[in-house]
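As a plain string of letters, each chain reads:
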Amino acid sequence: MSKGPRNSITGADGVRMYQWLPATASPETFDWLFAHGLPIDPVEVLSVTSVKALCGEAIYLVQWKLNNIADAATGMRKEKRIGPRGGVKEVRVSDEYPGEFVRRMVASGGEQGKLDAARAWLKETADNPRAMAAVRGTLVHEAIELGISRDRISDEYVESAFTRLSTRDRNATHGGVGSQDVLFVQNCMANYWDMRASVPIVILAREVQVWNLTVGYAGTADVLLWVLADDWSQYTPDFVVAMQKLADKGLITQAAIDSAGGAVVLGDWKTSADVHTDNVVQVHAYLGTEFAATDGVIDLRLTEMIRKAKEAAIVHIRPDGWAIYFVDFTQPVMYAFLGSVAFARFLAMYKEPDRLFTRALKGHAE
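The text that follows walks through the structure, step by step, so that each part is easy to find. (Residues numbered from 1 in each chain as written. Predicted model: local features only at pLDDT ≥ 70, side-chain atom pairs only at ≥ 80, totals over all residues. Heavy atoms only, no water.)

### Description of the overall build of the protein
Then step 1. Within the protein one finds 14 helices and 13 strands.
Then step 2. Seen through its principal axes, the protein has C-alpha atoms that stretch 75 × 65 × 35 Å.
Then step 3. Going through the 366 residues of the protein one by one, you find that 41% of them count as buried.
Then step 4. Residue pairs at least 24 apart in sequence account for 67% of intrachain contacts in the protein once pairs closer than 6 positions are excluded.
Then step 5. Of the roughly 19,900 Å² of accessible surface on the protein, 55% is carried by carbon and sulfur atoms.
Then step 6. With 39 positive and 45 negative side-chain charges, the protein shows a separation of 3 Å between the mean positions of the two kinds. (Helix = DSSP H or I, 4+ residues; strand = E, 2+ residues; numbered from the N terminus. Buried < 20%, exposed > 50% of the residue type's maximum accessible area, 1.4 Å probe, protein only. Contact = heavy atoms within 4.5 Å. Areas by Shrake-Rupley, 256 points an atom, 1.4 Å probe, with all protein chains shown as cover. Lys, Arg positive; Asp, Glu negative; His and termini not counted. Charge placed at Lys NZ, Arg CZ, Asp CG, Glu CD.)

In structure tokens form, the structure reads like this:
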């Protein structure tokens, strides 16, 4: 077993479970659970990301992996090059001809052990682009969480942030970070701060752990936002700054939001090249939870906000721009996720089909 996010355990099979252990020192937690008819006993529930993984990868991701394998097999690789102003250009770069995979195959002389090694190299190399994209996304996430300005993101900062990644993530990059990665983080953060200057939003909480004990899942949402009223002209920059200072101290309440205008929106940072339908499903899953809690203690202030929120946002931060895609909380999308939870729990319970067999007939030809 390996540790994942706080209050979670990730098994050897990669399935992550959140452990709900209500704190005995928090009578407010038990009172809230009793009042809402929820269980008070410890329980393990699937993570939102593991629900997605158990049900199978999205077709666009499967196609992307196949393309990576084809590139590695033919001695090609696709690079994202970041311009000084944040422009992103994808190019395919040819390695020395013939490519390394072909050279490994020829050098194997048909020996099984060397062929196995060439196959393993191809499989690992084909996953490198995904690993590097994930590392870049993690570096941007951390910079957002820490509120790092673009001018503070130097080679040294990115290299230092890289050392804070897990050993697995560091090893997956095969060589660490380079100038292109620095440019990616720098320009993403430039666009993040441009978004903050352009849109009057207040960050209410970061890394919000949310739970749905009735359905049986939990997860960690990136951010809880207060998006101010549509008439942005009524808010001065000083007002937004003042509200952010209060929010950083946990002093903003739902009543204060109702009084000032605007709405609470559950958000998810995305740095991937594209936004996909499953991103919409993911934020629905977070928004459809019953309460926010950490270490078995329910946060009543954040819980009130999440239960009242009717909107989520995918906040897309890229080196060449930013976008906020708002989605209303709707039953069809939530039902789609709930179906996935049922299927994922079934697959987690029956990893092998043996217990589902009622009887079996076997034989063999002489």
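From this point, the discussion proceeds with the structure in view.
### A word on the packing of helix H6 (residues 128-146) against helix H7 (residues 155-163)
Then step 1. One way to put it is that H6 packs onto H7 with a least axis distance of 10 Å and a crossing angle of 105°. Judged by the angle between their axes, H6 and H7 are roughly perpendicular. Contacts between H6 and H7 pair Val135, Leu139, Glu142, Ala143 and Leu146 from the former with Tyr157, Val158, Ala161 and Phe162 from the latter.
Then step 2. Class assignment of the residues belonging to the contact of H6 with H7 gives a composition of 8 nonpolar, no polar and 1 charged. (Axes fitted to C-alpha atoms, helices over the stretch in contact; angles between N-to-C directions. Parallel < 35°, antiparallel > 145°, perpendicular 65-115°, else oblique. Nonpolar A, V, L, I, M, F, W, Y, C, P; charged D, E, K, R; others polar.)

### Comments concerning unusual backbone geometry
Then step 1. Backbone geometry at Asn7 places phi at a positive 65°, although glycine is not the residue there.
Then step 2. In this fold, Asn7 is placed in the loop between strand S1 (2-3) and strand S2 (8-10).
Then step 3. On the basis of relative accessible area, Asn7 is assigned to the buried category, the value being 18%.
Then step 4. Unusually for a residue other than glycine, Asp295 sits at a positive phi of about 55°.
Then step 5. Relative to the assigned elements, Asp295 resides in the loop between strand S10 (291-294) and strand S11 (297-298).

### Concerning the layout of surface pockets
Then step 1. By volume, the second largest pocket amounts to about 190 Å³.
Then step 2. Lining the second largest pocket we find Met17, Val43, Glu44, Val45, Leu46, Leu213, Gly216, Arg345, Ala348 and Met349.
Then step 3. Residue assignment for the lining of the second largest pocket shows that the elements contributing at least two residues are strand S4 (43-47) and helix H14 (331-349).
Then step 4. Per-element accounting of the lining of the second largest pocket gives the leading share, 4 residues, to S4.
Then step 5. Along the lines of polarity and charge, the residues of the lining of the second largest pocket split into 7 nonpolar, 1 polar and 2 charged. (1 Å grid on protein atoms, 1.4 Å probe; cavity = no way out; pocket = protein on both sides within 12 Å on 5 of 7 lines; lining within 4 Å. Points joined across faces, edges and corners; volume = space filled by probe spheres on them.)

### Some words on the pairing of strand S12 (residues 311-318)
Then step 1. Among the 8 residues in S12, 7 count as buried, and that is most of the element.
Then step 2. Sheet topology note: the strand S9 (residues 263-270)/S12 ladder contains 6 bridges and is parallel. Residue pairing in the sheet places Gly267 in a bridge with Ala313 of S12.
Then step 3. The pairing of S12 with strand S13 (residues 321-328) spans 8 bridges and is classified as antiparallel. Following the sheet pairing, Ile314 is matched in S13 by Tyr325.
Then step 4. Joining the antiparallel neighbours S12 and S13 is a turn of 2 residues. (Pairing = 2+ DSSP bridges.)

### Considerations on the packing of aromatic side chains
Then step 1. Counting across every chain of the model gives 10 aromatic pairs.
Then step 2. Aromatic pair Trp20 and Phe291: ring centres 5.0 Å apart, planes at 55°, arrangement tilted. In this pair, Trp20 is assigned in strand S3 (residues 16-20) and Phe291 in strand S10, connecting sequence segments 271 residues apart. In this pair, the class of Trp20 matches that of Phe291, namely buried.
Then step 3. Centre to centre, the rings of Tyr217 and Phe337 are 4.9 Å apart; their planes meet at 80°, and the pair counts as edge-to-face. Remark: Phe337 occurs in helix H14 and Tyr217 occurs in strand S8 (residues 217-227); sequence separation between them is 120 residues. (Phe/Tyr/Trp six-rings, centres within 6.5 Å; stacked < 30°, edge-to-face > 60°.)

In short, the description is geometric, and any link to function would need to be established separately.
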